[in-house]
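Chain residues, written in single-letter form:
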Amino acid sequence: MTDIDKQVVKENGYSADSIQVLEGLEAVRKRPAMYIGDIGVRGLHHLVYEVVDNSIDEALAGYCKNIHVEIFPNGYITITDDGRGIPVDIHEKENKPALEVVLTMLHAGGKFNKDAYKVSGGLHGVGVSCVNALSKHLKAIIHRDGNIYEMEFAYGKTIKELTITGKTDKTGTIISFLPDETIFTQTTTFNFDTLASRLRELAFLNKGIKLQITDYRETDDDGNPISEVFYSKEGIKEFVKLLDENRQPIIDNVIYFETEKQGIPVEIALQYNSSFNENVHSYVNNINTHEGGTHLAGFRRGLTRTLKTYAEKNGMLDKLKFEINGDDFREGLTAVISVKVAEPLFEGQTKTKLGNSEVMGAVDQAVSEMLSVYLEENPKDAKNIVNKVILAATARHAARKARELVQRKGALNGSGLPGKLADCSEKDPAKCELYLVEGDSAGGTAKQGRDRTFQAILPLRGKILNVEKAMLHKIYENEEIKNIITALGIQIGTEEDSKALNLEKLRYHKIIIMTDADVDGSHIATLIMTLFFRYMKELIERGYLYLATPPLYLVKKGKEEYYCWTDEERNRLVQELGKGKDGSVHVQRYKGLGEMNAEQLWETTMNPAKRTLKQITIESAAEADRIFSMLMGDDVPLRREFIEKHAKNAKIDV
Ligand code: 0RA
């Protein structure tokens with residue numbers, strides 16, 4: 001407690017309990033990251049999710065149908081729902097309005113809600129009081145019992161007591177807040193796309209709820225604010241359809257079921273497509289469990305056993321000469337698993353791995369029961385799936401042979417590294433960088449320009465293989481991919497093989513993709529990112545993969561030279577320099593890395609003191625999967641459109 005707090009307590013004669021209250025929110029302000037994960041962009045957006053999660057809880061309890069998020073130019077964000085409204089009656093123990101307790105006491109939310117079906121927000125379910133604690137200003141408007149109530153706070157402290165400000169025939173909660181920039185020092189600007197993606201995901205995970213987002217900071221061509229509405233009638237069944245919209249399905253319909261086992265609601269949608277990738281996204285209480293856990297294990301076990309039993313019973317595996325393993329049952333599988341667990345245990349590095357052991361059996365049983373019925377009733381789909389599994393097993397055997405070959409031969413120099421690699425002298429991986437450079441000529445420039453102590457260069461010729469559409473053994477046979485893997489010092493593999501990734505052997509902790517700043521360059525960068533996303537995901541998760549950002553323009557006036565990364569920068573600079581009378585301004589558009597000399601490339605793109613690297617992150621694995629399948633799938637016009645739209649402001653936080 002600060003001295004001022006103590007003073008407040010003394011003067012108002014607060015009880016011992018309320019001292020707890022004050023200390024509670026002080027703790028949040030002192031260690032915000034402990035409560036909301038971090039104090040960067042991610043933490044900032046978690047504030048919104050925290051409030052929305054509460055609205056979703058109201059919806060799951062059956063009281064709320066509409067949730068609206070509004071972003072305002074003055075930095076405020078408002079979340080409106082049509083739930084019951086946070087209670088405002090006096091809370092007996094605290095002798096304060098319940099609303100005040102909810103917003104000023106840590107973990108107060110649950111105390112009211114014990115019996116209610118509260119499931120969402122297990123990970124960040126720290127309560128709206130944390131949002132209040134980390135806001136410069138927060139206003140709550142409650143529609144309840146025929147009245148409109150208002151209350152206001154600053155830094156978590158009440159600045160305007162509960163008052164009735166009008167009459168209403170509606171119910172609901174409106175929370176507006178302005179994040180505290182002394183906490184969120186990196187940024188307090190909300191990102192529309194980030195929030196919209198999460199609302200889209202929530203709409204799929206909670207069918208029947210309408211989630212809307214409106215951004216008043218920007219207007220469309222007609223002068224209206226940017227707005228999107230997310231609503232899904234079929235929930236995760238539609239989610240799977242969307243994930244696979246650019247893939248070829250091999251069964252007639254998405255298999256969907258919703259059931260409850262041992263008190264655990266289980267909802268699963270799955271589809272097989274002609275690709276070679278597994279895309280299974282699992283959720284617990286609306287949280288994406290990136291690291292999987294017991295629900296995923298139960299799903300896999302149920303799926304493998306049910307399909308195997310069906311195939312054996314129908315004599316479909318009789319002629320097979322080798323073992324089928326678990327991976328084979330999931331090639332070309334796209335699925336979403338959503339379970340609701342009353343008291344989830346989250347484990348793992350990022351606390352996104354479900355630990356509750358009872359969930360494994362529940363999901364296993366749900367899958368076995370529902371899927372075996374489906375297979376019996378849909379023999380054509382069943383046959384297509386089993387054939388796909390057999391194909392996968394066959395390809396895996398071919399791939400193993402190819403992989404063994406890669407390990408023995410290949411274009412390697414004396415030290416077992418690719419001949420084209422210009423390695424660095426430093427040996428500590430944490431200090432080493434590997435540039436993957438488009439083209440031999442730019443590769444040559446980069447070799448001259450680099451700092452050879454810690455920067456290694458691997459030139460790549462042309463477009464690397466599209467792993468989205470290739471079978472595993474083709475991937476191992478591809479020269480450029482072989483070079484990347486051997487240079488990195490690791491081995492790639494799918495999940496069940498992941499021990500093979502061998503990350504202790506990784507030779508560089510910064511892997512930097514450097515391509516031309518044009519459409520072809522971004523396509524090549526996307527191909528490389530896809531390779532990492534599908535086969536070396538952990539490197540992305542650890543934050544090892546980056547994009548270099550070469551400049552787009554060189555602006556010259558006499559002997560002065562400036563680099564520009566955007567059209568706006570260039571325009572501003574040309575105008576600025578044009579003001580003086582003497583000499584004309586010359587603008588050179590860099591079409592490729594090859595147009596820069598070694599010194600320019602070092603100065604603009606490779607020198608750690610000056611360059612900007614974009615770290616590739618996986619914000620939403622499901623969104624990344626959809627984007628990669630779109631970018632790399634068969635739909636060429638769609639891909640071109642996407643690349644053209646995004647190439648300029650290449651924001652690659654997939
Ligand atoms: C405490 C108790 C109840 C609802 C809520 C909080 C609540 C919180 C938020 C936050 C945003 N929207 C919200 N809607 C509701 C239960 C209310 C009752 O029993 O009537």
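Residues numbered from 1 in each chain as written. Predicted model: local features only at pLDDT ≥ 70, side-chain atom pairs only at ≥ 80, totals over all residues. Heavy atoms only, no water.

### A closer look at the environment of G293
Within the secondary structure, G293 sits in the loop between strand 14 (287-288) and helix 10 (294-313). On the basis of relative accessible area, G293 is assigned to the buried category, the value being 15%. (Helix = DSSP H or I, 4+ residues; strand = E, 2+ residues; numbered from the N terminus. Buried < 20%, exposed > 50% of the residue type's maximum accessible area, 1.4 Å probe, protein only.)

### Re the sheet that holds strand 24 (residues 586-589)
Here we have three strands laid out as an open sheet, ordered 23-22-24, and antiparallel in their pairing. A strand with exactly one partner marks an edge of an open sheet, and here the two such strands are strand 23 (560-564) and strand 24. On average, each strand axis in the sheet is inclined to that of its neighbour by 20°, with strand direction left out of account. Bridging between strand 22 (residues 553-557) and strand 24 involves four bridges; their strand directions are antiparallel. Its bridge partner lying in strand 24, Y553 is registered against R589. (Pairing = 2+ DSSP bridges. Axes fitted to C-alpha atoms, helices over the stretch in contact; angles between N-to-C directions.)

### Some details on the site of the ligand
Near the ligand lie 10 residues; those nearest to it are N54, E58, D81, I86 and R144. Between the ligand and R84, the relevant distance is 3.4 Å, taken from an oxygen atom to a side-chain nitrogen or oxygen of the residue. Within the side chain of R144, a nitrogen or oxygen atom sits 3.0 Å from an oxygen atom of the ligand. When the ligand is considered free in solution it has 460 Å² of accessible area, and contact with the protein chains removes 88% of it. Looking at side-chain class alone, the shell around the ligand contains three nonpolar, three polar and four charged residues. (Near = heavy atom within 4 Å. Polar contact = N/O pair within 3.5 Å; in protein donor to acceptor, adjacent residues only side chain to side chain. Areas by Shrake-Rupley, 256 points an atom, 1.4 Å probe, with all protein chains shown as cover. Nonpolar A, V, L, I, M, F, W, Y, C, P; charged D, E, K, R; others polar.)

### Some remarks on helix 15 (residues 479-488)
With respect to burial, helix 15 is a largely interior element, eight of its 10 residues being buried. Turning to helix 15, its buried residues are E480, I481, K482, N483, I484, I485, A487 and L488. Where helix 15 starts, the residue carrying a side-chain oxygen 3.2 Å from the main-chain nitrogen of E480 turns out to be N478.

### Quick notes on the side chain of Q271
In this structure, Q271 sits in strand 12 (residues 264-272). Under the relative-accessibility criterion, Q271 is labelled buried at 7%. Discounting chain neighbours no more than four positions away, the residues touching Q271 are V240, D244, P249, I251, N253, V254, G332, L333 and T334. (Contact = heavy atoms within 4.5 Å.)

### A word on the confidence of the model for the chain
Confidence in the prediction of the chain, expressed as mean pLDDT, is 86, and 85% of residues score 70 or more. Counting contacts from residues 108-124, a segment whose pLDDT is below 50, to residues more than four positions away or on other chains yields 31 contacts. In this model residues 646-654 is a low-confidence stretch, pLDDT under 50, and it forms 17 contacts with partners more than four residues away in sequence or in other chains. (pLDDT = per-residue confidence, 0-100.)

### Overview of the pattern of salt bridges
Per the stated rule, a full pass over the model turns up 32 salt bridges. For E152, the salt bridge identified is with K160, shortest N-O distance 3.7 Å. Residue K160 is classed as partly exposed on the basis of its relative accessible area, which comes to 31%. Residue E278 is joined to R330 by a salt bridge in which the shortest nitrogen-to-oxygen separation is 3.1 Å. Residue E278 is located in the loop between strand 12 and strand 13 (279-284), and its partner R330 is located in the loop between helix 10 and strand 15 (333-339); the two are separated by 52 residues in the primary sequence. For E278, a relative accessible area of 24% corresponds to the partly exposed category. (Salt bridge = Lys/Arg side-chain N within 4 Å of Asp/Glu carboxyl O.)

### Re the packing of aromatic side chains
Remark: the centre distance and the inter-plane angle together describe each pair of aromatic rings, the angle taken between the planes. Evaluated as defined, the whole model comprises four aromatic pairs. When the centroid spacing of 6.4 Å and the interplanar angle of 85° are considered together, the rings of F177 and F190 count as edge-to-face. One end of the pair, F177, is in strand 8 (residues 172-179); the other, F190, is in the loop between strand 8 and helix 8 (192-205), and 13 residues separate them in sequence. Each member of the pair, F177 together with F190, is buried. Ring-pair connections join several aromatic residues into one group, and the members of that group are F204, F239 and Y283. (Phe/Tyr/Trp six-rings, centres within 6.5 Å; stacked < 30°, edge-to-face > 60°.)

### Focus: the packing of helix 4 (residues 41-60) against helix 8
Put simply, helix 4 and helix 8 touch, their axes get as near as 11 Å, and they point 25° apart. With respect to helix 8, the axis of helix 4 lies roughly parallel. Considering the relative orientation of helix 4 and helix 8, their crossing is right-handed. Taking contact as the criterion, the partners of H45, V48, Y49, V52, D53 and I56 in helix 4 are, on helix 8, T194, L195, R198, L199 and L202. Broken down by class, the residue content of the contact of helix 4 with helix 8 amounts to seven nonpolar, two polar and two charged. (Parallel < 35°, antiparallel > 145°, perpendicular 65-115°, else oblique. Left-handed = near helix turned anticlockwise from the far one by under 90°.)

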